[in-house]
Amino acid sequence: DAKTTQPPSMDCAEGRAANLPCNHSTISGNEYVYWYRQIHSQGPQYIIHGLKNNETNEMASLIITEDRKSSTLILPHATLRDTAVYYCIVRLRFNAGGTSYGKLTFGQGTILTVHP
Amino acid sequence: EAGVAQSPRYKIIEKRQSVAFWCNPISGHATLYWYQQILGQGPKLLIQFQNNGVVDDSQLPKDRFSAERLKGVDSTLKIQPAKLEDSAVYLCASSFPYNEQFFGPGTRLTVL
């Protein structure tokens, strides 16, 4: 599985943009980058994913470098409720019985703390 | 839309006892996953089902852990006998086969 490297922790002021970096230098051409977050005492929550183009949804934006070796998750206007562990994952694709599946391997993630 | 349901939310047992966890996935999701999350670590996949068949159980400690999804909907994860190092949160997730996973709230297991 392609390994990801994230800073262990980051701080952000409420209302400002939070930019969370991730390195995935061994990513393969057909592997997607996924971002999940986990708020204390809850299960992980899907945020966004991408292959090579930048992506945006109602939660965040994902910027992937042209060589695909790194990416940045952007929360445009962080709130206190965005305080969580953010996981950057390179999803492994495998086939079984004629069906494609994705496998997520979670690392330690980045603890994002949003301050008032 | 109802999310992934898990029960119980908390369980405390003594070592060498048995325990079972239950998961009800999102309606229509054929793929179901069980993860183990030890404190301070990211979730680790234990087993993945497609309908009632096992797709991946390479990280399931099969000497003490078992899981089933007999009718392709609900699933049960069992530990027998439990060890101290099994203390963790057990997360269930579901998805369509190649799509994003939706996680339940988890069951926190404490083994004394």
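Preceding this section is the structure that the text describes.
What counts and how
Residues numbered from 1 in each chain as written. Chains lettered and ligands numbered in written order. Predicted model: local features only at pLDDT ≥ 70, side-chain atom pairs only at ≥ 80, totals over all residues. Heavy atoms only, no water. Helix = DSSP H or I, 4+ residues; strand = E, 2+ residues; numbered from the N terminus. Buried < 20%, exposed > 50% of the residue type's maximum accessible area, 1.4 Å probe, protein only. Contact = heavy atoms within 4.5 Å. Areas by Shrake-Rupley, 256 points an atom, 1.4 Å probe, with all protein chains shown as cover. Pairing = 2+ DSSP bridges. Buried area = accessible area lost by both parts, 1.4 Å probe. Salt bridge = Lys/Arg side-chain N within 4 Å of Asp/Glu carboxyl O. Polar contact = N/O pair within 3.5 Å; in protein donor to acceptor, adjacent residues only side chain to side chain. Nonpolar A, V, L, I, M, F, W, Y, C, P; charged D, E, K, R; others polar.

Some words on the overall build of chain B
Step number 1: Looking only at helices and strands, chain B has zero helices and 11 strands in total.
Step number 2: Seen in sequence order, chain B has helices and strands lined up from the N terminus as β-β-β-β-β-β-β-β-β-β-β.
Step number 3: Taken along its principal axes, the extent of the C-alpha atoms in chain B is 35 × 25 × 25 Å.
Step number 4: When burial is assessed residue by residue, chain B has 46% of its 112 residues classed as buried.
Step number 5: Partitioning the intrachain contacts of chain B with sequence separation of at least 6 by distance along the chain shows that 53% fall at a separation of at least 24.
Step number 6: Carbon and sulfur atoms form 51% of the exposed surface of chain B, whose accessible area is close to 5400 Å².

A few points about the pairing of strand 4 (residues 31-37) of chain B
The side chains of a regular strand alternate between both faces of the sheet.
Residue and element names in this part refer to chain B.
Step number 1: Among the seven residues of strand 4, seven are classified as buried, and the element is accordingly described as predominantly covered.
Step number 2: Sheet analysis places strand 4 next to strand 5 (residues 44-50), joined by six bridges and oriented antiparallel. By the bridge assignment, Trp34 is partnered in strand 5 with Ile47.
Step number 3: Taking the residues that link successive antiparallel strands as the turn, the strand 4-strand 5 hairpin has six residues, and the phi of Gly40 there is positive, at about 85°.
Step number 4: Examined bridge by bridge, strand 4 and strand 9 (residues 88-95) share seven bridges and lie antiparallel to one another. Residue Tyr33 lies in a different strand from strand 9, and its bridge partner there is Ala93.

What about the interface of chain B and chain A?
Step number 1: Taken residue by residue, the interface counts 26 residues in chain B and 25 residues in chain A.
Step number 2: Across the interface of chain B and chain A, roughly 1800 Å² is buried in total on both sides, 51% from carbon and sulfur atoms.
Step number 3: Of all residues in chain B, the largest losses of buried area upon contact with chain A belong to Tyr98(B), Glu100(B) and Phe103(B), amounting jointly to 33% of the total for that side.
Step number 4: Linking chain B to chain A there are one salt bridge.
Step number 5: The partner of Lys103(A) in a salt bridge is Asp56(B), and the shortest N-O contact between them spans 3.2 Å.
Step number 6: Put simply, chain B and chain A have four residue pairs in polar contact (both at pLDDT 80 or more) between them.
Step number 7: Elements with a contribution of two residues or more to the side of chain B that touches chain A: strand 4, strand 5 and strand 6 (53-56) of chain B.
Step number 8: At four residues, the largest contribution of residues to the side of chain B that touches chain A is made by strand 4 of chain B.
Step number 9: Residues belonging to the side of chain B that touches chain A are distributed by class as follows: 10 nonpolar, 12 polar and four charged.

None of this, on its own, says anything about what the molecule does.
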